[in-house]
Amino acid sequence: MIEKPRFEPRFLLPKYWLTWLSVGFLYAISWLPYQWQLGMGRVLGRLFYRFVPRRADIARRNLELSFPNMPADEVEPLVRKNLENTGIAFFETGMAWWWPDWRIRRKLHVHGVEHLHAAQRDGRGVLLLLFHFLSLEVHARLHGFVKPAVGLYRPHNNAVMEYLQTLGRGRSNKYMIQRRDVKGMLQALDQGEIAGYLPDQDYGRRKTIFAPLFAVEKASTTTGTLLFAHGANCAVLPVTCFRRDDGTGYDMTFYPEFENFPTGDDLADVTRVNKMVEFAIQQRPEQYMWIHRRFKTRPNDTDPDLYKR
């Protein structure tokens with residue numbers, strides 16, 4: 001468990017001045033009208049597309065691997081739109097960390113919250129399955145208005161950024177747990193907490209099963225979902241949060257609890273999680289974090305790198 005962070009005098013050392021300057025710039029921008037920030041994000045994303053070709057190449061390759069039958073004239077517009085959404089995510093970080101409650105709460109549109117309430121009726125903890133959509137920072141902040149939760153996170157190497165991200169992400173929620181603190185996560189769930197978990201990226205070979213994801217038959221898939229669900233006997237509940245195209249906010253949707261999960265068949269169980277990932281992505285593919293090399297880990301060391309052509 002990470003307690004509320006405290007400001008330390010060392011944060012004012014010269015080595016952090018550039019960090020404070022960058023953060024101050026983002027903070028100032030965060031007070032601009034929402035639509036302006038969306039527009040600025042799209043412009044930033046177009047710059048990414050043009051001047052950071054490596055990220056565009058990764059997104060393009062992920063789409064080609066996932067949807068091999070998608071025509072080329074549909075892939076490229078989707079890549080461009082995905083990079084625009086990536087740019088928007090930069091400005092959404094400022095909104096999530098610094099907007100006052102009254103301003104960000106009015107952007108929230110909740111659906112299916114009865115599924116969350118049903119999962120909590122018997123006092124069990126709830127393992128929320130989140131996914132790497134580009135509005136994830138906003139999702140974390142907004143969830144606290146529905147029901148304050150506990151979150152896993154990766155510590156930042158920069159002490160100032162660690163202070164700011166922990167403070168920002170905890171504004172409307174309870175507390176943070178470092179992602180390697182399995183015991184802390186299990187304790188939170190055993191105590192009836194709602195805890196978010198992201199099972200949809202490639203975390204390497206450790207605690208992994210190779211399961212189908214879209215057209216990739218063997219995608220490295222974490223078994224962490226099964227570990228927490230079994231170890232804490234908690235409800236497993238998927239949730240998504242999508243940015244509205246019309247600029248009126250975000251749709252947060254809770255889905256029914258996974259029944260009979262885990263079953264003991266690990267491959268079938270992680271495949272079920274991947275099917276939920278597919279379902280979520282298919283709703284808003286342009287808002288997913290395609291710039292992550294999702295299929296970098298291969299079943300065997302001798303298997304070809306899918307990102308080398």
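Look a little higher up for the structure.
Since we're looking at a predicted model, the values are computed, not measured.

**Details of a nonpolar patch on the surface**
Reasoning step 1: On the surface, a cluster of nonpolar side chains totalling about 350 Å² of accessible area is made up of Val43, Leu47, Phe51 and Val52.
Reasoning step 2: Mapped onto the elements, phenylalanine 51 comes out in helix 2 (residues 34-51).
Reasoning step 3: For phenylalanine 51, a relative accessible area of 55% translates into the label exposed.

**Digging into the packing of aromatic side chains**
Reasoning step 1: Overall, the coordinates contain 18 aromatic pairs when judged by the stated rule.
Reasoning step 2: Relative to tyrosine 163, the ring of phenylalanine 7 lies with its centre 6.0 Å away and its plane at 75 degrees, an arrangement referred to as edge-to-face. Taken together, the positions of phenylalanine 7 in the segment before helix 1 (17-29) and tyrosine 163 in helix 8 (residues 159-169) put the pair 156 residues apart, joining distant regions of the chain.
Reasoning step 3: Phenylalanine 7 gets classed as partly exposed once you look at its relative accessible area, which sits at 42%.
Reasoning step 4: Using a relative accessible area of 13% as the deciding quantity, one classes tyrosine 163 as buried.
Reasoning step 5: Ring geometry for tyrosine 27 against tryptophan 98: centres 5.4 Å apart, planes inclined by 80 degrees, an arrangement best described as edge-to-face. Separated by 71 residues along the polypeptide, tyrosine 27 in helix 1 and tryptophan 98 in helix 4 (residues 72-98) bring together distant segments of the chain.
Reasoning step 6: Taken together, the aromatic side chains of Phe67, Phe133, Phe214, Phe242, Tyr288 and Trp290 make up a single cluster linked through ring pairs.
Reasoning step 7: The ring of phenylalanine 258 carries arginine 272 above its face, with NZ or CZ at 4.5 Å from the centroid.
Reasoning step 8: The lysine or arginine in question, arginine 293, covers the ring of tyrosine 307, its NZ or CZ lying 5.8 Å from the ring centre.

**Comments concerning empty space enclosed by the protein**
Reasoning step 1: A complete count under the given rule lists 3 cavities of 30 Å³ or more for this structure.
Reasoning step 2: Of the voids in this model, the largest cavity is the one considered here, and its volume is about 60 Å³.
Reasoning step 3: For the largest cavity, the full set of lining residues is Asn62, Asp200, Leu213, Phe214, Ile281, Tyr288, Met289, Trp290, His292 and Arg294.
Reasoning step 4: Among the residues making up the lining of the largest cavity, the classes are represented as 6 nonpolar, 2 polar and 2 charged.
Reasoning step 5: By volume, the second largest cavity amounts to about 40 Å³.
Reasoning step 6: What lines the second largest cavity is simply Phe131, Phe133, Ser135, Leu136, His139, Val239, Thr240 and Cys241.
Reasoning step 7: Among the elements of the structure, helix 7 (136-146) and strand 8 (235-243) are those that each provide at least two residues to the lining of the second largest cavity.
Reasoning step 8: Top contributing element to the lining of the second largest cavity by residue count: strand 8, with 3 residues.

The rules behind the values
- Residues numbered from 1 in each chain as written.
- Predicted model: local features only at pLDDT ≥ 70, side-chain atom pairs only at ≥ 80, totals over all residues.
- Heavy atoms only, no water.
- Patch = residues over 30% accessible without salt bridge, like charges linked within 9 Å, V, L, I, M, F, W, Y side chains within 5 Å.
- Areas by Shrake-Rupley, 256 points an atom, 1.4 Å probe, with all protein chains shown as cover.
- Salt bridge = Lys/Arg side-chain N within 4 Å of Asp/Glu carboxyl O.
- Helix = DSSP H or I, 4+ residues; strand = E, 2+ residues; numbered from the N terminus.
- Buried < 20%, exposed > 50% of the residue type's maximum accessible area, 1.4 Å probe, protein only.
- Phe/Tyr/Trp six-rings, centres within 6.5 Å; stacked < 30°, edge-to-face > 60°.
- Lys NZ or Arg CZ within 6 Å of the ring centre and 35° of its normal.
- 1 Å grid on protein atoms, 1.4 Å probe; cavity = no way out; pocket = protein on both sides within 12 Å on 5 of 7 lines; lining within 4 Å.
- Points joined across faces, edges and corners; volume = space filled by probe spheres on them.
- Nonpolar A, V, L, I, M, F, W, Y, C, P; charged D, E, K, R; others polar.

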